[in-house]
Every structure is written in C-alpha cells, then in structure tokens.
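The chain contents come next:
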Amino acid sequence: MMKTKIFRPEKRAVLIQGDQAVVEGALAAGVEFFAGYPITPASEIAEGFARELPKIGGKFLQMEDEIAGMAAVVGASLAGKKAITATSGPGFALKQENLGFATMVEAPVVVVNVQRVGPSTGLPTSPSQGDVMQARWGRNGDQEIIALAPASVTESYELTIKAVNLSEKFRQPVVLMLDEVIGHLREKIYLSTSDEIEIIDRKRPAADQDPDQYLPYQLTDDLIPPMADYGSGLKYHTSGLFHDQSGFPDGKNETAKLMQDRLHNKLHNNLDQIILYQKDIRKDDRVAVLSYGSAARTAISAVNTGRKDNLKAGWFKLQTIWPFAEKEVAELAAQVETIIVPELNQGQLIREVKRAAAGQAKVLGINSYAGELIKPEEIRALLEEVL
Amino acid sequence: MDFEKYLRMDKLPHIWCPGCGHGTILNSFIRAFAESDFDQDKTVVISGIGCSGRATGYLNFDTLHTTHGRAIAFATGVKMANPELNVIVMTGDGDGSAIGGNHLIHAARRNIDLTVILFNNQIYGMTGGQFSPMTPTGDLASTAPYGNIDQNFNLAELVAGAGGTFIARGATFDPRQLKKLYLAALKHKGFSFVESLSQCPVSYGRQNKAGDAVEMLKKQEEDTINFKKWQQLSTEEKKLKYPLGILKELDNPESEYTVRYQKIIEQVNNEGAL
Ligand SMILES: Cc1ncc(C[n+]2csc(CCOP(=O)(O)OP(=O)(O)O)c2C)c(N)n1
Ligand code: SF4
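Keep in mind that this is a model prediction, so the values were computed, not measured. (Residues numbered from 1 in each chain as written. Chains lettered and ligands numbered in written order. Predicted model: local features only at pLDDT ≥ 70, side-chain atom pairs only at ≥ 80, totals over all residues. Heavy atoms only, no water.)

Asker: Tell me about the confidence of the model for chain A, residues and numbers included.
Answerer: Residue-level pLDDT values for chain A average 96, and 97% of them are 70 or greater. Every residue in residues 1-6 of chain A scores below 50 in pLDDT, and together they form 11 contacts with partners more than four places removed in sequence or on other chains. (pLDDT = per-residue confidence, 0-100. Contact = heavy atoms within 4.5 Å.)

Asker: Describe the site of ligand 1, naming the residues involved and giving the relevant values.
Answerer: Around ligand 1, the structure places 18 residues, and the nearest of them are His22, Cys51, Gly94, Asp95 and Gly125 of chain B. With respect to ligand 1, its neighbouring residues span chains A and B. In this structure, isoleucine 123 of chain B approaches ligand 1 through a main-chain N or O atom, which is 3.0 Å from an oxygen atom. For the shell around ligand 1, the element with the highest residue contribution is helix α4 (residues 93-99) of chain B, accounting for four residues. Residues belonging to the shell around ligand 1 are distributed by class as follows: six nonpolar, nine polar and three charged. (Near = heavy atom within 4 Å. Polar contact = N/O pair within 3.5 Å; in protein donor to acceptor, adjacent residues only side chain to side chain. Helix = DSSP H or I, 4+ residues; strand = E, 2+ residues; numbered from the N terminus. Nonpolar A, V, L, I, M, F, W, Y, C, P; charged D, E, K, R; others polar.)

Asker: I'd like to hear about the environment of lysine 279 of chain A, residue by residue, with values.
Answerer: Residue and element names in this part refer to chain A. You can see lysine 279 is positioned in strand β11 (residues 277-280). Relative accessible area serves as the criterion here: at 47%, lysine 279 is assigned to the partly exposed category. Placed 81 residues apart in sequence, lysine 279 and glutamine 360 show a C-alpha to C-alpha distance of 19 Å. (Buried < 20%, exposed > 50% of the residue type's maximum accessible area, 1.4 Å probe, protein only.)

Asker: Which residues make up the side chain of serine 152 of chain A, and what values do they have?
Answerer: Residues and elements named next belong to chain A. Turning to its location among the elements, serine 152 is positioned in the loop between β7 (146-148) and α6 (153-170). Here the side chain of serine 152 touches glutamate 155 through a polar contact of 3.0 Å, landing on its backbone nitrogen. Sequence-distant contacts of serine 152, that is, excluding residues within four places in its chain, are made with Ile182, Glu187 and Arg297.

Asker: Describe in detail the site of ligand 2, supporting the description with residues and values.
Answerer: Around ligand 2, the surrounding shell consists of Trp16, Cys17, Cys20, His22, Cys51, Asn121, Gly125, Cys200, Pro201 and Ser203 of chain B. Of the residues belonging to the shell around ligand 2, the class tally is six nonpolar, four polar and no charged.

Asker: Hey, could you go over helix α6 (residues 155-162) of chain B for me, with residue numbers and the actual values?
Answerer: All names here are of chain B. Among the residues making up α6, those that are buried are Leu155, Ala156 and Val159. Down the axis of α6, the buried set is contained in an arc of 100 degrees. They therefore lie on one face. For α6, the exposed residues set more than 90 degrees away from the buried face come down to Glu157 and Gly161. Tucked inside the fold, the buried residues of α6 contact α4, α5 (101-110), β4 (114-120), β5 (166-171), β6 (192-197) and β8 (242-249). One or two steps after α6, the chain reaches glycine 163, where phi turns positive at roughly 120 degrees. (Arc of directions from axis to C-beta.)

Asker: Any details on the sheet that holds strand β16 (residues 362-367) of chain A? Residues and values, ideally.
Answerer: Residue and element names in this part refer to chain A. Taken in spatial order, the five strands line up as β11-β13-β12-β15-β16 in an open sheet, and their pairing is mixed. A single partner strand is all that each edge strand has here, and the edge strands are β11 and β16. Each adjacent strand pair in this sheet contributes to an overall mean axis angle of 20 degrees, direction not counted. Summarising the sheet, strand β12 (residues 287-292) and strand β15 (residues 338-343) pair through three bridges and their orientation is parallel. Looking at the pairing, valine 287 lines up with threonine 338 of β15. Along the sheet, helix α10 (residues 294-308) contacts β11, β12, β13 (313-318) and β15; its crossing angle with β13, the most-contacted strand, is approximately 160 degrees. Across the sheet, helix α11 (residues 326-335) touches β11, β12, β13 and β15, and the angle it forms with β12 is around 160 degrees. (Pairing = 2+ DSSP bridges. Axes fitted to C-alpha atoms, helices over the stretch in contact; angles between N-to-C directions.)

Asker: Describe the packing of helix α1 (residues 18-28) of chain A against α6 of chain A, listing the residues and the values that go with them.
Answerer: Residue and element names in this part refer to chain A. At their nearest, the axes of α1 and α6 sit 7 Å apart, and the two run at 30 degrees to each other. In terms of orientation, α1 and α6 fall into the roughly parallel class. Handedness of the α1/α6 crossing: right-handed. Only Val153, Ser156, Tyr157, Thr160 and Ile161 of α6 make contact with α1, whose side of the interface consists of Gly18, Ala21, Val22, Glu24, Gly25, Ala26 and Ala28. (Parallel < 35°, antiparallel > 145°, perpendicular 65-115°, else oblique. Left-handed = near helix turned anticlockwise from the far one by under 90°.)

Asker: I'd like to hear about the interface of chain A and chain B, residue by residue, with values.
Answerer: Size of an interface, as often reported, equals the accessible area lost when the parts are brought together. Across the boundary between the two partners, chain A contributes 44 residues, which contact 41 residues of chain B. Taken together, the two surfaces of chain A and chain B that pack against each other cover about 3,500 Å², and 61% of this comes from carbon and sulfur. Counting every contact that joins chain A to chain B gives two salt bridges. Measuring nitrogen to oxygen at the nearest pair gives 2.6 Å for the salt bridge that ties lysine 235 of chain A to aspartate 41 of chain B. Linking chain A with chain B are 17 residue pairs in polar contact (both at pLDDT 80 or more), by the criterion used here. Elements with a contribution of two residues or more to the side of chain A that touches chain B: β3 (59-62), α3 (66-78), α4 (89-105) and β10 (237-239) of chain A. Of the residues forming the side of chain A that touches chain B, the biggest block, eight residues, is contributed by α3 of chain A. Looking at the side of chain A that touches chain B residue by residue, the classes come out as 22 nonpolar, 13 polar and nine charged. (Buried area = accessible area lost by both parts, 1.4 Å probe. Salt bridge = Lys/Arg side-chain N within 4 Å of Asp/Glu carboxyl O.)

Asker: Describe the UniProt feature "domain: Thiamine pyrophosphate enzyme TPP-binding" (unreviewed entry) in chain B, listing the residues and the values that go with them.
Answerer: As annotated in UniProt, the feature "domain: Thiamine pyrophosphate enzyme TPP-binding" (unreviewed entry) corresponds to residues 49-195 of chain B in the numbering used here. Regarding residues 49-195 of chain B, the helix share stands at 36% and the strand share at 19%, and the terminal C-alpha atoms are separated by 17 Å. (UniProt positions renumbered as here; feature names shortened; annotations may be inferred.)

Asker: Provide a residue-level description of the domain arrangement of chain A, including the pertinent values.
Answerer: All names here are of chain A. When cut into domains, chain A gives domain 1 (3-200) and domain 2 (278-386). For domain 1 versus domain 2, the separation of C-alpha centres amounts to 27 Å. Summing both partners gives a buried area of about 2,000 Å² for domain 1 against domain 2, and 58% of it is carried by carbon and sulfur. Summed over the three residues of domain 1 that lose the most area to domain 2, namely Gln129, Val132 and Met133, the buried surface amounts to 31% of that side. (Domains from an automatic or database assignment.)

Asker: Please set out the packing of helix α3 (residues 71-81) of chain B against α5 of chain B residue by residue, giving values where relevant.
Answerer: Residues and elements named next belong to chain B. For the pair α3 and α5, the least separation of the axes is 8 Å and the interaxial angle reads 35 degrees. α3 and α5 meet at a crossing whose hand is left-handed. Each of Ile72, Ala73 and Thr76 in α3 lies in contact with α5, whose residues at this interface are His103, Leu104, Ala107 and Arg110. In the contact of α3 with α5, the residues fall into four nonpolar, two polar and one charged.

Asker: Summarise the pattern of salt bridges; cite the residues concerned and give the values.
Answerer: Counted according to the given criterion, the structure contains 32 salt bridges over all chains. Of the charged contacts in the structure, one is a salt bridge between arginine 12 of chain A and glutamate 24 of chain A, with a shortest N-O distance of 4.0 Å. Pair noted here: arginine 12 of chain A is in strand β1 (residues 12-17) and glutamate 24 of chain A is in helix α1, with a separation of 12 residues, a long-range link. The partner of aspartate 223 of chain B in a salt bridge is lysine 219 of chain B, with the nearest N and O atoms 2.8 Å apart. Of this pair, aspartate 223 of chain B and lysine 219 of chain B both sit in helix α9 (residues 213-223), separated by four residues, roughly a single helical turn. On the basis of relative accessible area, aspartate 223 of chain B is assigned to the partly exposed category, the value being 27%. In the salt-bridge network here, residues are joined through shared partners; they are Asp280, Arg282, Asp285 and Arg307 of chain A.

Here you go:
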C-alpha cells in the first residue's frame, strides 16, 4: 500500500470559482473520498475531486446515479474516511432517502447542493434558493439537519471546512447550499496552510476498546457516541431501523423515542457551535435585511449604499440556515421595526423568520424565483418605503 | 469447526418463518467463510431491506443493514474507501434486481471486488407476496392476482453480460454445493455473484399452492440441473431447466476496480515526482 500524502497547501492567493473552492476546502479539511453523479451547476466539484483526489491517495467515484453516490459516501464514512458528495436540486431529491439513513446511523458526510431553479429540470444554469425547505424536510420523519449557505467564494472555502468539521464533531450529515451564482462566480481567495485551519476528526473508541463491551450507539454525556471504523475489530451492526445502544433494532417505542431525542439534542445542546452568522446592526437601525447565500450579496450592498444616504438600516447574514437561528432572529425582531427577507424563491426561510419574530417586527419578503438575481434597487425601494 | 463465532448467538432465534430457505443460505455462507482464509475482523457484510436483508443482524462481523435496494452502492463505497476489507453483499431478488438492479449491473461492469449473494425466492417476501422481477410469468402474486404477465430476468446472464467475472447459481436443496460456490466466490478477485434459489413457503408458497418447504425443495431439484449437464442439452431442453454451478469465471485480478484505481494513484504520483 502507498502511503497517503497529507494535504498541505501553501498559503496562496488563487482566482477560482465557488465550486472549486468547495474542493479546496474539503481537501484542506481532510476529505479523502468523493462519490457522485454529474449535474449542472455542480459538475465542476466532481471534476475537481476527480483531478485532485488521486494525488493524495484519495478516491473518486462517478456512480450510476445520485442515490448510489449518497450511499457510497456513507459507506466510505463508515469505513473511516471523510467523504463528500455534490449535486443540484434534482439530484438532491434522489439523495434524500440515504441522507436520512446517514442521519439515522450517524455517519459524518457532507452533501453539497449547488441550487438551480426548479421544480424538475427547471432552469439548469440559473441561480435559486429553492431547496431551502427540501434540505430541511426532504426526508421522511422528523429529524434535524445542519445546512450552511456560503455567500462568496471565500465563504464556499471556509464553510466547506466548517461543514466537514461539524459533520465529524456531531456525527451528522451536513448540507452545504450554494447556488448557481456562487458555484460559478470567480473570486480571488486565500487558501490557508493546514496549520492555520482547525480540523476536527470524529471521536473514535480507544485503541484498547474491548470488542465485547463496545456500544456503537452508547449514550454518552455529550450524546455523540464514539465511532469505530469498519475493519477495526469491533464488529458492530449499523441499521436504519431505530436501534438501541448496541446498534440493534428492538422494535420498542421507548428505544425509538430515546434515539429521536438524542439525535435532536446532540445538536440543540450545541447550537452556539453550529449557528453561524454575521451582522451589522447599529443601535438606531430601524430595519434589518436578513439574508443568506447569493441574496446576501445584494442585501449587504443595498444596505451599505442606503446608509450613505442616512437610511437607518442594517444587515444580518445567516451562514447556518438549519438549524434555524431562532434565538438570534427573535432578538433582532425585538430590536428593529421591520425585517426584510430577500430570497431567490417564493418565500421559504421567511416562514421561519416570521415564526421567530412572533409579531415583534414586521417581516416582508422580496422574492425572485425565475432565475434572476434580486437587484439592490429593489431592496433599496422597499427600505425607503418602510423607513 | 467453531461456527458459533460467526454468529451473534444472542440475536437468535431469527425472524424467518419455519421452512424459509434464507436460513439455509446463511448456514452455507458461514461454512464457506470458515473455510476461507478471510479475517473475520476485516470483513464487512452489507444487506438491503427484505427478509433476506435481516441476515446481517445475525452475523458477527461489521454489518451494515442499508436502505432498500442500495446495499451494493454502500458496499462500493466501503470497498473503495478501504480495499483491504472483504466486502460481502446479501440481497433479495426484489432488493437486488428491481429497486437495486441498476447498482447490480454497474458494480458488475466495474468489476469491483464484492461478493454478492442474492437470495432468490422469486417474490417480495417481507411485504407479503407482491411479484418481483424474478417471479415466473403466469405465477400468482398479491399484485398479480390474475397471473403475472411480466417476464422474469435471467439474472445470472444479466450480471455476466454486464461484466461480472464470477457468476454462479446454487439452490437451497443442495446446501453443500451452495457452500462450495460461496467459497469460490469469496476467493475470486473481482465482482462475484451467486444467485441462490431459496424457498418462501409463506409469501410465495401459499398463493401458488406450492406446498410446504419439502415440496418446494423437491420442485427446485426438478427445475434445476448441473451446469455441465445443462450444456449438453438441446436449445429447447435448456429453456426448461436452470443450470446450477459456476457459470462464468474469468480470473484477471488486474482488471479489478480498486486495483485499477490504485494504478491511477501511482501514475499520478509518479508523474508528480518527475
Ligand atoms: C424505498 C422502499 N421501497 C419499498 C420498501 C418496502 N419493501 C421492503 S422489503 C421489500 C421487498 C423485499 O423483497 P426481496 O428483496 O425479494 O426480499 P425477501 O423479503 O423476499 O427476502 C419491499 C418492497 C422499502 N422498505 N423501501
Ligand atoms: S415471508 Fe418468505 S422469505 Fe420471508 S421469512 Fe417467511 S418464508 Fe422466508
């Protein structure tokens, strides 16, 4: 066997697309495995991994469909590798069943969805944020998901690293939601050296773990069971049926309840580590523009030009869209009179904003859902109207 | 020989109905594994959903009970991620040839080193007797109450045509042959596929008045013939019998998928060194 090389990029400036930044971020975070199926506007991610992974002894697989791509990354994760797949809306729909399986068996994996306009084949080369709810509710059953949404090429790089880290830390699939604009946008970014990056590896059982005593789904204080690689001698069972600490299904309602609650709480007890956002809200701002992904670019630029004309407006950019930043948005609603939510869909995350605002602030949407970006002037016009 | 170490004794008795052929397959597999030189700790057994899919729960290995039809796709990920692992797939005829048929042919095409044991009871057992792609035309099923008009696959030929390098067929009436076939399949470096005829006296047998397990096994024996003898038959006679034994064996470890990928890794790194 060849020894795997460790990925150590020198600190360097590069001019790359968001899709390529995902590849760079994943490699920096220790990803060694990709499996997927080509689709616009995410194919550049597959192509990047096909080129780069063999260089570090990693593996690239072009599978027969997205279902298989999702299955293969979960398999690779269980075999001990950091694994990632990438797709767009139609392929994301195909991945859902096995994404639910990953949640159930607590396999750390990252799923990238470079969104395009749907439903169906839709507009393959136009941007959209139409899969926000698909990410949250696309699978059968209640379950949490972590979803991050980069708004630039730099953020595509940084949030990919974050996504890998969160997946490893919480044994939880993480979805990275780009859109066509971010995926194809070229920007100059800095790639860090590996010692500048915090890299998190999943917690594994101790080397001297007694196989007879190993509980693959042990109820630990942090609610995250140590995970053994297949082949490490601990011989455990993994199943998409609700299972007890030993990993075996017992068909009992109490077992299902315990597991449902643990899966929920392992994230909800740690929201401070998961919910990422940036904001610029001044004390006397009366309106906040709350956005994520490519819509945030327009939002921030509209607010910044508005401020030059003394508009009392601020911006709030979510980097984590799921779990939803309920507490933070409630606080924001208590602080301002109006929250404007521009989205490239018919109004998806705004439902959560309204729920969190609970009547404390007026919540207004600006929506573009046929493949065009929202213009800063549209946001400006609404800002002037409400101020 | 100590067979118990390959079973999770505390998970027995199994859930299969009395007379079900799936237990015979499991038994033959364990006997084959015990004779192989495979390391139990370096072996992963992966199944889909169905009565057959439950087999992994009783086996004392790293075991993965996946979603319906996807076992081979998960297995492909496991094997590629760590080619040192022996990866075995246990799947049903519905699981492996209907919902999972695409993964089956593509894994065969890649010639990735998986050992696939397909439990063919010609029916969807777990969900109560709907027809599968392996239910013979004319048979009854809960979703074919007037007789099945679908044609069934010749799975062994399908997988051979797709590029699998070891193809065999065995049947539960002859567990000794099944064991031999599994052992040969385990040893084969490349994609190996053993179609294992099994009997389902409950979901298939009752609707088709096939009798109990003993009668079903007798019928199995009548419907099958040794591959070498089958080859001597006329074209017309061939259609009436399923050949049993090793149907195809191409020994070319260099053509195995993880071996070929490893060559790419070496090639890329040598170019880098120049
Ligand atoms: C996506 C999905 N579709 C359908 C089912 C329902 N289902 C469970 S097992 C099964 C058929 C199993 O038949 P087979 O693979 O022949 O195995 P057997 O039970 O006969 O051993 C079906 C349709 C499911 N679990 N998941
Ligand atoms: S339903 Fe059929 S296949 Fe399933 S356990 Fe019973 S006999 Fe076996």
